[in-house]
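Structure assessment
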Amino acid sequence: MTALNVLIYPEEHLKVVCDPVVEVNNNTRKIIGNMFDTMYQEEGIGLAAPQVDILQRIITIDIEGDKQNQLVLINPEILEKDGEQDSAEGCLSVPGYIGMLKRPERVKLRAMNLDGATNEYEFSGFAATCIMHENDHLNGVVYPDIAEEVYTTEQYNEMMAEIAEESENKNKEKEDK
């Protein structure tokens, strides 16, 4: 397999609504293998085909990054969304930035797998965030376009360090009482 080049925002192809995959065949499987290779090389946990300039509705995900829990979603269709959660998101196509978004807490979808069989899936928490993030790519949406706030990675890390320090100070105050 081969690692592919990741398109960087605001590349125009990232804004294209992708075409459905008509048939899962050896070419589709090769694309998916290359997408996983690219995702691991770039140290990502998810990748949508348009991020590597393939304008088809394909998502690869491995939240654990261990190559044991790979998920392939072809032509995903969101069936239900429930709840809401705050999400801090990075993206291989937006290096050096973190976006703050609202995402559903739970997502139910229908998609084809690597064998071409259609299944229903349900995800919650961080997995639901990943699904929605990658699905946005298939619809020509990149998170800076919908984020409430976008920070550099450095700004975000500084904010998180301040929050951690404040929390630690509050805990010490409670212990001292």
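Presented here is a report on the structure given in the accompanying data block. Computed from a predicted structure; not experimentally measured.

Focus on the overall build of the protein
When its secondary structure is counted, the protein shows three helices and eight strands. Reading the secondary structure of the protein in the N-to-C direction produces α-β-β-β-β-β-β-β-α-β-α. Counting only C-alpha atoms, the protein reaches 65 × 30 × 30 Å along its principal axes. Within the protein, the proportion of its 177 residues that are buried is 42%. Counted over contacts in the protein with a minimum sequence separation of 6, partners at least 24 positions apart contribute 66%.

What about the sheet that holds strand β6 (residues 106-112)?
Reading across the sheet, the five strands line up as β1-β2-β3-β6-β7 and stay open at both edges, with antiparallel pairing between neighbours. Both edges of this open sheet fall to β1 (46-48) and β7 (118-124), since each of them pairs with a single strand only. With strand direction ignored, the average angle separating the axes of adjacent strands in the sheet is 40°. As paired strands, strand β3 (residues 71-82) and β6 are joined by six bridges and run antiparallel to one another.

So, helix α1 (residues 26-41)
Compared with the 22 Å implied by 1.5 Å per residue over 16 residues, the 22 Å span of α1 between its first and last C-alpha is a close match. Restricting attention to buried positions, one finds in α1 the residues Thr28, Ile31, Ile32, Gly33, Asn34, Met35, Phe36, Thr38, Met39 and Tyr40. In this structure, the buried residues of α1 make contact with β1, β2 (58-61) and β3. Of the residues that open α1, the one with a side-chain oxygen 3.0 Å from the backbone nitrogen of Asn27 is Asn25. Remark: Glu43 follows α1 within two positions and exhibits a positive phi of approximately 60°.

Considering the pattern of salt bridges
Under the definition given, this model contains nine salt bridges. Where Glu89 meets Arg103, a salt bridge forms, and the shortest distance between an N and an O atom there is 2.7 Å. On the criterion of sequence distance, the pair formed by Glu89 in strand β4 (residues 85-89) and Arg103 in strand β5 (residues 97-103) is long-range, its members being 14 residues apart. This pair shows no difference in class: Glu89 is buried, exactly as Arg103 is. In this structure, Glu120 engages Lys108 in a salt bridge whose closest nitrogen and oxygen atoms are separated by 3.5 Å. With Glu120 in strand β7 and Lys108 in strand β6, this pair connects stretches of sequence that are 12 residues apart. Note on Lys108: relative accessible area 24%, which makes it partly exposed. One salt-bridge network, held together by shared partners, links Glu77, Lys108, Arg110 and Glu120.

Thoughts on the packing of aromatic side chains
Per the stated rule, a full pass over the model turns up two aromatic pairs. Each ring, one from Phe36 and one from Tyr40, has its centre 6.0 Å from the other, and the planes form 20°; the classification is stacked. Placement of the pair is Phe36 and Tyr40 together in helix α1, with a separation of four residues, close to one helical turn. This pair shows no difference in class: Phe36 is buried, exactly as Tyr40 is. Ring plane angle 15° and centroid distance 6.2 Å describe the contact between Tyr121 and Phe123, whose orientation is recorded as stacked. The ring of Tyr40 has Lys67 sitting right over it, with the charged end atom 4.9 Å from the ring centre.

Scoring rules and cut-offs
Residues numbered from 1 in each chain as written. Predicted model: local features only at pLDDT ≥ 70, side-chain atom pairs only at ≥ 80, totals over all residues. Heavy atoms only, no water. Helix = DSSP H or I, 4+ residues; strand = E, 2+ residues; numbered from the N terminus. Buried < 20%, exposed > 50% of the residue type's maximum accessible area, 1.4 Å probe, protein only. Contact = heavy atoms within 4.5 Å. Pairing = 2+ DSSP bridges. Axes fitted to C-alpha atoms, helices over the stretch in contact; angles between N-to-C directions. Expected span 1.5 Å × (residues − 1). Polar contact = N/O pair within 3.5 Å; in protein donor to acceptor, adjacent residues only side chain to side chain. Salt bridge = Lys/Arg side-chain N within 4 Å of Asp/Glu carboxyl O. Phe/Tyr/Trp six-rings, centres within 6.5 Å; stacked < 30°, edge-to-face > 60°. Lys NZ or Arg CZ within 6 Å of the ring centre and 35° of its normal.

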